[in-house]
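What follows is each chain in one-letter form.
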Amino acid sequence: MLQIYRRLWQVNWAEQWQYRANLLMYLLYWLVSPVVYLAVWITVANSQGSVNGLTANDFVTYYLTLLIVVQLTSDITIHLLASKIQDGTLSGDLLRPIHPILTNILVNNIAFKALTFIGLIPVWLVLCALFHPNYSSVTGSSLLLAIPAILLGFSIGFLLGATLTCLAFWTTRVYAIGEFYTALVILFSGQFVPLQLMPPTIQRLAEFLPFQMFCYVPIEIILNQMPPEVMLRNYAVGVVWLVISMFLFKWVWREGVKRFSAVGA
Amino acid sequence: MDFFQSGRMVLESTSRLMINLPVYSCYNANRMTDAILVEKLSKTYQVPEREGGFGAAVGGFFHRKYTDVNAVQQVSFTIQPGEMVGFLGPNGAGKTTTLKMLSGLLHPTGGRAHVLGFTPWDRKREYLQTMTLVMGQRSRLSWDIPAADSFLLNQAIYRISDADYQRTLKELDDLLELSPILRKPVRNLSLGERMKCELAAGLLHRPKVLFLDEPTIGLDITAQARIRTFLEAYNRHTGATILLTSHYMADVTALCERVIIIHHGQLKYDGGLTDLSRRVAPFKLIAVTLGDPCPCDLSAYGTLLPGGDEDGKQLIQVSARDVAAITARMLAELPIHDLTIEDPPIEDVIEQAFQG
């Protein structure tokens with residue numbers, strides 16, 4: 001099995017390098033959105049000293065950390081898989097004696113991540129030079145504690161993303177559902193605004209949803225802002241969601257393939 | 001056994017290939033354990049249907065009408081290990097649907113099938129490991145990278161040992177001349193080159209059962225011949241069971257002694273290729289060129305076929321039983337310059353079988 005993943009990695013890694021223009025577009029996108037967010041919040045924070053206790057430096061460190069965390073936890077499964085289901089090319093994958101999603105699509109995600117991460121580093125350094133973040137609160141142990149959260153965030157995101165994409169077995173409108181899902185993620189993950197600035201109801205809800213594991217929880221752990229008991233509770237919620245998303249994916253995949261093989265590929 | 005080596009010998013001598021052709025023929029022999037058993041296999045698709053126009057589009061949103069399409073109806077046949085069978089039928093006959101059911105991609109709506117003892121649509125790892133489905137350009141290869149990389153991936157997926165992999169690849173390379181194209185990204189290959197890589201990718205794990213859907217489609221004559229020769233050698237030396245569809249009769253006549261014909265999802269014929277013309281179209285063609293222009297009425301001897309060439313050659317279709325008598329009569333009554341008796345082209349015979 002290890003050998004399969006190794007070869008999958010070689011193939012997908014080689015493949016990713018074919019999409020250089022694609023990568024460039026991502027770099028521009030990354031550069032633009034934090035600059036906009038930061039420009040707004042720094043102006044607000046500076047004019048009133050702080051926003052809900054968050055200083056200008058808090059915003060700078062939050063958004064710059066967010067850039068890296070989102071990159072690590074996000075997944076592109078819908079772009080890899082939905083079209084394969086819809087045009088029937090999934091058949092080719094189903095002929096192989098391996099699970100197409102838990103092997104090829106997973107590795108493809110990771111290869112994409114690895115390559116874009118390399119591209120992200122210079123962007124990140126440029127932004128650091130522009131905004132001078134003060135990272136004095138970050139320690140070695142806060143970084144270590146965040147690693148499981150990032151892994152958990154990616155695992156949940158990957159499985160939920162795959163589950164959602166599998167809806168393509170039933171509907172051709174999966175991208176619309178995907179957009180709605182992305183909106184939920186942006187709202188409840190802390191990707192748009194740090195969650196502590198959200199209305200209390202949203203904050204309460206977010207505590208029970210899987211999405212804060214994608215951004216907010218890892219960021220707060222890295223920045224040493226999360227009290228241990230909160231961290232523990234968030235980890236517990238994350239593990240529960242991991243289990244839920246595993247079952248969801250397993251079920252949707254099984255039913256989906258059944259349907260795929262009923263209507264014809 | 002080193003099947004590809006002998007395959008190359010065959011390649012070097014086409015005449016030998018033709019002589020050696022009938023090797024595994026047991027469809028009428030005593031039953032061994034069937035490699036493929038298909039019993040009353042059926043597949044009905046539900047296809048949404050609506051009239052054109054805006055009103056119908058809105059109506060269809062709320063209340064969708066479905067029609068049943070019987071793609072495959074109660075088809076039964078068995079294929080013995082090592083047999084190479086041609087699976088024929090016009091477009092939409094149900095060939096691909098059947099192949100997809102046999103390779104586990106489709107659930108049937110009725111009947112049963114066993115391939116090497118497995119029920120295909122259970123999609124057991126052991127089954128997928130031992131069969132292959134090669135469909136035109138539907139790919140086992142990643143588009144953006146060289147085929148060699150995809151091959152290495154297949155090596156891992158099918159758990160092929162390094163030694164076996166190297167040997168098989170070398171042999172495939174010898175037969176299909178892969179080396180010049182293996183390092184180029186698949187998207188830059190020609191249709192024929194891609195098909196060769198596709199076949200190789202499907203055969204690296206040395207499957208025991210091969211389902212081939214139009215393996216020579218879009219290829220030039222030379223490439224077609226090469227792939228035919230290759231399949232013949234593969235079948236002969238591995239004893240693999242092969243079921244193939246093709247629009248090129250040459251594929252079928254060169255490779256398969258036995259053909260199964262389906263039309264509108266129903267089995268129309270299952271038997272020897274030579275028997276086919278006798279049973280379905282028991283007639284011969286008399287090609288005749290008259291010495292002097294004469295107002296003779298050739299239709300008095302049989303059915304005069306349209307066409308004929310500029311040399312004045314004309315084709316008359318007569319019943320196989322009467323061919324000797326009619327020929328004798330024509331030779332006696334007409335100013336014959338040239339006369340030959342021909343079998344009808346296999347395409348026409350099969351066309352007739354479709355209609356029957």
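Residues numbered from 1 in each chain as written. Chains lettered and ligands numbered in written order. Predicted model: local features only at pLDDT ≥ 70, side-chain atom pairs only at ≥ 80, totals over all residues.

(A) Layout of the overall build of chain B. From N to C terminus, chain B includes 14 helices and 13 strands. Intrachain contacts of chain B at a sequence separation of at least 6 include 74% that bridge at least 24 residues. (Helix = DSSP H or I, 4+ residues; strand = E, 2+ residues; numbered from the N terminus. Contact = placed C-beta atoms within 7 Å.)

(B) View of the overall build of chain A. Each helix and strand counted, chain A has 11 helices and zero strands in total. Counted from the first residue to the last, chain A has its helices and strands arranged as α-α-α-α-α-α-α-α-α-α-α. Its C-alpha atoms give chain A principal-axis dimensions of about 60 × 40 × 35 Å. Among the 265 residues that make up chain A, the fraction classed as buried is 35%. If you take every contact in chain A between residues at least 6 apart in sequence, the share linking residues at least 24 apart comes to 81%. (Buried ≥ 20, exposed ≤ 12 C-beta atoms within 10 Å, placed from the backbone.)

(C) Region of interest: the interface of chain A and chain B. Tallying the contact residues gives 22 residues for chain A and 24 residues for chain B. Elements with a contribution of two residues or more to the side of chain A that touches chain B: α1 (2-16), α5 (90-94) and α11 (228-263) of chain A. Counting residues per element, the side of chain A that touches chain B draws most heavily on α1(A), which supplies eight residues. Counted by class, the side of chain A that touches chain B contains 11 nonpolar, eight polar and three charged residues. (Nonpolar A, V, L, I, M, F, W, Y, C, P; charged D, E, K, R; others polar.)

(D) Broad picture of the sheet that holds strand β8 (residues 258-263) of chain B. All names here are of chain B. Spatial ordering of the open sheet is given by β5-β6-β7-β3-β8-β9, a layout of six strands whose pairing is mixed. This sheet does not close on itself; its edge strands, each paired only once, are β5 (131-135) and β9 (266-272). If you compare each strand with its neighbour and ignore which way they point, the axes differ by 15° on average. One ladder, built from five bridges, connects β5 with strand β6 (residues 209-213); its direction is parallel. Residue V134 lies in a different strand from β6, and its bridge partner there is L212. (Pairing = 2+ DSSP bridges. Axes fitted to C-alpha atoms, helices over the stretch in contact; angles between N-to-C directions.)

(E) The arrangement of the nonpolar core in detail. A200(B) and V259(B) are the most contacted members of the largest nonpolar core, which totals 145 residues. Of the residues forming this core, the biggest block, 11 residues, is contributed by helix α7 (residues 140-165) of chain A. Each of two domains, domain 1 (3-130 + 207-277) and domain 2 (282-355) of chain B, supplies a minimum of three residues to this core. Excluding residues that lie within four positions of it along the chain, V259(B) makes contacts with V85(B), G86(B), L88(B), V252(B), Y269(B), L273(B) and L276(B). (Core = buried A, V, L, I, M, F, W, Y, C linked by C-beta atoms within 7 Å. Domains from an automatic or database assignment.)

(F) Region of the structure containing the confidence of the model for chain A. Here chain A averages 90 in pLDDT, while 99% of its residues score no lower than 70. Averaged pLDDT values over the elements of chain A bottom out at 82 in helix α2 (residues 20-48) of chain A and peak at 97 in helix α10 (residues 216-222) of chain A. (pLDDT = per-residue confidence, 0-100.)

(G) Broad picture of the domain arrangement of chain B. All names here are of chain B. For chain B, the domain assignment lists domain 1 (3-130 + 207-277) and domain 2 (282-355). Listed as interface residues are 10 residues of domain 1 and, on the opposing side, eight residues of domain 2. Sorting the residues of the side of domain 1 that touches domain 2 by element identifies α11 (249-255), β8, β9 and α12 (273-280) as the ones contributing at least two each. Split into classes, the residues belonging to the side of domain 1 that touches domain 2 amount to six nonpolar, three polar and one charged.

(H) View of the pairing of strand β10 (residues 283-290) of chain B. Residues and elements named next belong to chain B. Here seven bridges tie β10 to strand β12 (residues 313-319), and the two strands are oriented antiparallel to one another. Residue pairing across strands places K284 opposite V318, the latter belonging to β12. Of the pairings in the sheet, the one linking β10 to strand β13 (residues 336-342) comprises six bridges and is antiparallel in character. Residue pairing in the sheet places I286 in a bridge with I341 of β13.

(I) Local environment of unusual backbone geometry. Residues and elements named next belong to chain A. Despite not being glycine, N52 has its phi angle at roughly 50°, a positive value. Mapped onto the secondary structure, N52 falls in the loop between α2 and α3 (56-73). By C-beta crowding, N52 is classed as exposed, having 9 other C-beta atoms within 10 Å. With phi around 45°, H132 is a residue other than glycine that occupies positive phi space. Tracing the chain through its elements places H132 in the loop between α6 (101-131) and α7.

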